[in-house]
Amino acid sequence: MSTFLRVVGAALIGAILALALRQQGKELSLLLTVTVCCMVLAAAVTYLETVMDFARQLQSVGNLNGELMNTMLRAVGIGLIAEIAGLICTDSGSGALGKAIEILAAAAILWLGIPLMRALLELVEQVMGEV
């Protein structure tokens, strides 16, 4: 938990510095924001490693399809990365670009979900064939 609090504190300090630097030059402020976001994402990876280990354990205990589990985790990753990228674009004054990234993420997640939807369709067809 102390790592979390340290990273949040550093992010808040970075936000205050970025706000102060914005008056001098928007480019430097944006660079600081991107750097702090990368630092926060690196810290998040340490937490996500434990989640990944638990997901692998669930997969083995529950005899789950590994490909489907990977698809779900990729979708979460796409969503998180798109959220950060979209907010950075919005901060830099490109709100439309931020929204475009969110749309791209939604399309990519839907694309990733096609195998899941196909498996669900096959299951429905099997159940309907047995009725």
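Before any of the text, the structure's been laid out above.
About the thresholds
- Residues numbered from 1 in each chain as written.
- Predicted model: local features only at pLDDT ≥ 70, side-chain atom pairs only at ≥ 80, totals over all residues.
- Heavy atoms only, no water.
- Helix = DSSP H or I, 4+ residues; strand = E, 2+ residues; numbered from the N terminus.
- Rg over C-alpha atoms; globule rule 2.2 N^0.38 Å.
- Buried < 20%, exposed > 50% of the residue type's maximum accessible area, 1.4 Å probe, protein only.
- Contact = heavy atoms within 4.5 Å.
- Areas by Shrake-Rupley, 256 points an atom, 1.4 Å probe, with all protein chains shown as cover.
- Lys, Arg positive; Asp, Glu negative; His and termini not counted.
- Charge placed at Lys NZ, Arg CZ, Asp CG, Glu CD.
- Patch = residues over 30% accessible without salt bridge, like charges linked within 9 Å, V, L, I, M, F, W, Y side chains within 5 Å.
- Salt bridge = Lys/Arg side-chain N within 4 Å of Asp/Glu carboxyl O.

**Q** Would you mind going over the overall build of the protein chain in detail, with residue names and values included?
**A** Within the protein chain, the secondary structure is distributed over 5 helices and 0 strands. Going residue by residue from the N terminus, the α and β elements of the protein chain occur as α-α-α-α-α. Relative to the globule expectation of 14 Å for 131 residues, the C-alpha radius of gyration of the protein chain, 20 Å, shows a markedly less compact shape. With the C-alpha coordinates of the protein chain rotated into their principal frame, the extents come out at 70 × 35 × 15 Å. Taken across its 131 residues, the protein chain has 17% of its residues classed as buried. At a minimum sequence separation of 6, the contacts of the protein chain that also span at least 24 residues come to 53%. For the protein chain, the computed accessible surface area is about 9,700 Å², with 71% contributed by carbon and sulfur atoms. Mean positive and mean negative side-chain charge positions of the protein chain (7 and 10 charges, respectively) differ by 10 Å.

**Q** Run through a nonpolar patch on the surface, naming residues and quoting values.
**A** Together, Met 1, Phe 4, Leu 5, Val 8, Leu 12 and Tyr 47 give the surface a local cluster of nonpolar side chains, amounting to about 630 Å² of exposed area. At 4 residues, helix 1 (residues 2-22) tops the list of elements feeding residues into the nonpolar patch. Its location among the elements puts Leu 5 in helix 1.

Such coordinate-based values are descriptive only and should not be taken to indicate function.
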